[in-house]
Amino acid sequence: MSNSMGITSYDYVEFYVGSAKMAAYWYAKGLGMDIKAYKGPETGCRDRTSYYLTKNDFKIVVTSPLQPDTYDIQTFLQKHGDGVKRWAYQVKNVEHAFTSAVQKGAVPVVKPFLLKDDNGVVHMATIKIYDDTEIVYFNNEQYKGLFQPGFDEPVQKIQLYNEDSKLLYIDHVVGNVRVNEMDQWANYFNQTMDFETFVDFGPGDISTKYSALLSKVVRSKDSVIKNPINEPYKGLKKSQIEEYIEHYHGSGVQHVAIATDDIVSSIQALRKNGIEFLEAPETYYENMRKSGRSPDETIEAIERQGILCDFEDITGGEGYLLQLFTKPIGDRPTFFFEIIQRVGGAQGFGQGNFQALFESIEQDQAKRGNL
Ligand code: FE2
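1. Notes on the domain arrangement of the chain
What the domain assignment reports for the chain is domain 1 (7–139) and domain 2 (169–368). Measuring from the centre of the C-alpha atoms in domain 1 to the corresponding centre in domain 2 gives 24 Å. Counting from both sides, the interface comprises 41 residues of domain 1 and, opposite them, 39 residues of domain 2. Of the roughly 3100 Å² buried at the junction of domain 1 and domain 2 (both faces included), carbon and sulfur atoms supply 67%. Broken down residue by residue, the surface that domain 1 buries against domain 2 is led by Tyr 10, Phe 58 and Tyr 130, which jointly contribute 25%. The interface formed by domain 1 and domain 2 contains 1 salt bridge. With a shortest N-O distance of 2.7 Å, Arg 178 and Asp 131 are connected by a salt bridge. The interface formed by domain 1 and domain 2 includes 13 residue pairs in polar contact (both at pLDDT 80 or more). Those elements that place two or more of their residues in the side of domain 1 that touches domain 2 are strand E1 (7–16), helix H1 (20–30), strand E4 (58–65), helix H2 (71–80), strand E5 (83–91), helix H3 (94–103), strand E7 (120–128) and strand E8 (134–139). Residue composition of the side of domain 1 that touches domain 2, by class: 21 nonpolar, 11 polar and 9 charged.

In structure tokens form, the structure reads like this:
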């Protein structure tokens, strides 16, 4: 068990969006997050606005351009629509993480720098990942402010009524990449960040009647960080990964999984907040009853909320995991969230649910005319 990069956890995920103010409202109302900090004209930033939101240790930033020449954001949005621009790893030493990754072949984007104000100092550096996506090495241990210098109290103090989603932290971040890119990116993580390939789904492992995909999970050797990567594989019809790449116009982040320790309450709250989820096939719970296995939460409780369950001792692990996927959160069939609860040391990603899940996605794809 080692983590030579000094990565201690995921930190935040930053989305580029058409309207940060409206996205912040959606995250606050829908996912039950708090708008903690703000950056924009009122804080001296003229070309963009950002809102920083948290729910326990689940942290995000939503950012929008204010000027036609806010080039990096405008070109991203023009091509991809709303999506994940970067995610951050909290690291013990930014300089060390960046230098060792770049020495081993990582593509540098922003060299180590620091931001300072009366509240302390934040260290950051950035490397490239899928197409226009970036990974930030981030350290704010010596910062006492709300998020980082440049951010201030939100301008509008709004109190939103929402149900407590009980979301805790980021469990994993998944990439969708083009044909023949998966191995390249898996090697990139493994070589430059000392990760290892934990699961490898080859041809035939994940397929429905119509479509198929390949998937590899890379993770830090202490398994603090997990980054699955999917690639389309030839099938009779278009796979969900191909649909993503076509509408995102390239490779990028497909979903972020958020951990909870009470998924039944989480999903109930999120449904009340208006979040839409994929539906399990009708026979799903019937089959679970026939199998004679039940999670501690009971089959009835998870069935009421449409939650999927994967018993890992069947698929080679321990314990079980409960999970559910939202529908794409924006207008394009691209990014979505997963809510996940790991019980009894479950390490997987719901392999036993892939079939059910993909059939459900294909029903939605057919409605969009993309199958
Ligand atoms: Fe996932």
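2. Overview of the nonpolar core
Formed by 75 residues in total, the largest nonpolar core has its most connected members in Phe 15, Leu 31, Val 62, Trp 87, Tyr 89, Tyr 137 and Phe 189. Element by element, the count of residues in this core is highest for helix H4 (residues 182–193), at 6 residues. By size, the runner-up hydrophobic cluster in this structure holds 21 residues, among which are Ile 73, Phe 201, Leu 213 and Val 217.

3. Re the coordination of the iron ion
For the iron ion, the full set of protein donor atoms is His 172 (NE2), His 255 (NE2) and Glu 338 (OE), at a range of 2.0 to 2.2 Å. Linear spacing of the donor residues for the iron ion on their chain is H-x82-H-x82-E. Of this pair, His 172 sits in strand E9 (residues 169–176) while Glu 338 sits in strand E16 (residues 336–343), placing them 166 residues apart in sequence. The exposure class assigned to His 172 is buried, which follows from its relative accessible area of 1%.

4. As for the packing of aromatic side chains
Taken as a whole, this structure holds 27 aromatic pairs when the rule is applied. Consider the rings of Tyr 10 and Tyr 89, whose centres lie 5.7 Å apart with planes at 50 degrees: the pair is tilted. Within this pair, whereas Tyr 10 is found in strand E1, its partner Tyr 89 is found in strand E5, the two being separated by 79 residues in sequence. Residue classification places Tyr 10 among the buried residues on the basis of a relative accessible area of 6%. Judged by its relative accessible area of 0%, Tyr 89 falls in the buried class. The ring of Phe 198 carries the charged tip of Arg 219 above its face, separated from the ring centre by 3.7 Å. Cation over ring: Arg 342 sits above Phe 349, and NZ or CZ is 5.4 Å from the ring centre.

Definitions and cut-offs
Residues numbered from 1 in each chain as written. Predicted model: local features only at pLDDT ≥ 70, side-chain atom pairs only at ≥ 80, totals over all residues. Heavy atoms only, no water. Domains from an automatic or database assignment. Contact = heavy atoms within 4.5 Å. Buried area = accessible area lost by both parts, 1.4 Å probe. Salt bridge = Lys/Arg side-chain N within 4 Å of Asp/Glu carboxyl O. Polar contact = N/O pair within 3.5 Å; in protein donor to acceptor, adjacent residues only side chain to side chain. Helix = DSSP H or I, 4+ residues; strand = E, 2+ residues; numbered from the N terminus. Nonpolar A, V, L, I, M, F, W, Y, C, P; charged D, E, K, R; others polar. Core = buried A, V, L, I, M, F, W, Y, C linked by side-chain atoms within 4.5 Å. Buried < 20%, exposed > 50% of the residue type's maximum accessible area, 1.4 Å probe, protein only. Donors = N, O, S within 2.8 Å, 3.2 Å for Na, K, Ca; no water. Phe/Tyr/Trp six-rings, centres within 6.5 Å; stacked < 30°, edge-to-face > 60°. Lys NZ or Arg CZ within 6 Å of the ring centre and 35° of its normal.

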